[in-house]
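Topology and contacts: notes
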Amino acid sequence: ERVVYLRAEDYYYIYIHPRWWPQAEDYFAAQVRDLLAECICYGGLAALVLYNLVLWVRLRAPDTGWYVLYAAGAVTFNFVSNGGLALLGFAAGSPWKEMIVDSSLSLSGIFLVQFGRTFLGTQEAMRKADGVLRYLRWGLTVFLLGVPFMPWMTGLHWLGATIVMCTVAHAALLVVAVTA
């Protein structure tokens, strides 16, 4: 008798990457390696958030507080979208997982834009750029307010649009930071 382990992965319906393990030990060794890599990654991100949180508590600089919120939202987005809730023993199926992912991404984008506005001082120095950043913040707020309606939406178009909006926010902040 031979036991075969097959794991199918599907990240947002793009592809399925089948893997073959001839022995059960190979499968469990791959699981340990994957878990170790994720622990190192998320441990480093948690250290980054914790360091900046301590820095913010100590200095009370408003831009650092916005950065802590942005980093925490980005870590939550990555953790939940990569199945981190299952590592903690929680099950979140569709559409709840997508709702958590979309809301954390929207919040991280809102906090990123506010961090950029505060850190670069665009309210006083760059009025036109600040207007664009405010529109981006409002756009991300609209995506956040649409999250409760995701169970009645078909497909992942709302999440895709949120990803595009966050990408535009990152690019706009890069342009503003370089021109500042």
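Description of the structure in this document.

Cut-offs used in this document
Residues numbered from 1 in each chain as written. Predicted model: local features only at pLDDT ≥ 70, side-chain atom pairs only at ≥ 80, totals over all residues. Heavy atoms only, no water. Helix = DSSP H or I, 4+ residues; strand = E, 2+ residues; numbered from the N terminus. Buried < 20%, exposed > 50% of the residue type's maximum accessible area, 1.4 Å probe, protein only. Polar contact = N/O pair within 3.5 Å; in protein donor to acceptor, adjacent residues only side chain to side chain. Phe/Tyr/Trp six-rings, centres within 6.5 Å; stacked < 30°, edge-to-face > 60°. Lys NZ or Arg CZ within 6 Å of the ring centre and 35° of its normal. Expected span 1.5 Å × (residues − 1). Salt bridge = Lys/Arg side-chain N within 4 Å of Asp/Glu carboxyl O.

Moving on, we come to unusual backbone geometry. The linkage connecting Ser94 with the following residue, Pro95, adopts the cis geometry, with an omega of 5°. Within the element layout of this structure, Pro95 appears in the loop between helix 3 (84-87) and helix 4 (96-120). You will see that Arg60, though not glycine, has its phi angle at about 55°, which is positive. In this structure, Arg60 sits in the loop between helix 1 (24-59) and helix 2 (62-81). Accessibility expressed as a relative area gives 53% for Arg60, which makes it exposed.

Along the chain, Ser81 turns up in helix 2. A polar atom in the side chain of Ser81 sits 2.8 Å from the backbone oxygen of Phe77. Engagement of the side chain of Ser81 in a polar contact is seen with the backbone oxygen of Asn78, the distance being 3.3 Å.

Our next topic: the environment of Arg134. Secondary-structure assignment places Arg134 in helix 6 (residues 127-145). The class for Arg134 is partly exposed, based on a relative accessible area of 37%. For the pair Arg134 and Val113, spaced 21 residues apart in the sequence, the C-alpha separation amounts to 7.9 Å.

On to the packing of aromatic side chains. Counted according to the given criterion, the structure contains seven aromatic pairs. Pairing Tyr67 with Phe115 gives two aromatic rings, centres 5.4 Å apart and planes at 55°, and the pair type is tilted. Of the two residues, Tyr67 sits in helix 2 while Phe115 sits in helix 4, which places them 48 residues apart along the sequence. Members of the aromatic cluster, joined through ring pairs, are Tyr67, Tyr70, Phe115 and Phe119. The ring centre of Trp56 lies 4.8 Å from the NZ or CZ of Arg60, which sits over that ring.

To continue, consider helix 2. Because an α-helix completes one turn every 3.6 residues, residues spaced three or four positions apart along the sequence face the same direction. Compared with the 28 Å implied by 1.5 Å per residue over 20 residues, the 29 Å span of helix 2 between its first and last C-alpha is a close match. Along helix 2, the positions that sit buried rather than exposed are Asp63, Thr64, Gly65, Val68, Tyr70, Ala71, Gly73, Val75, Phe77, Phe79, Val80 and Ser81. Gly83 sits one or two residues past helix 2 and shows a positive phi near 85°.

Applying the stated criterion across every chain yields a total of two salt bridges. The shortest N-O distance in the salt bridge between Asp130 and Arg117 comes to 2.6 Å. With a gap of 13 residues between them, Asp130 in helix 6 and Arg117 in helix 4 connect regions that are remote in the sequence. Under the relative-accessibility criterion, Arg117 is labelled buried at 6%. The partner of Arg134 in a salt bridge is Asp130, with the nearest N and O atoms 2.9 Å apart. With a gap of four residues between them, Arg134 and Asp130 both fall in helix 6, about one helical turn apart. Judged by its relative accessible area of 3%, Asp130 falls in the buried class. Via salt bridges that share partners, Arg117, Asp130 and Arg134 belong to a single interconnected network.

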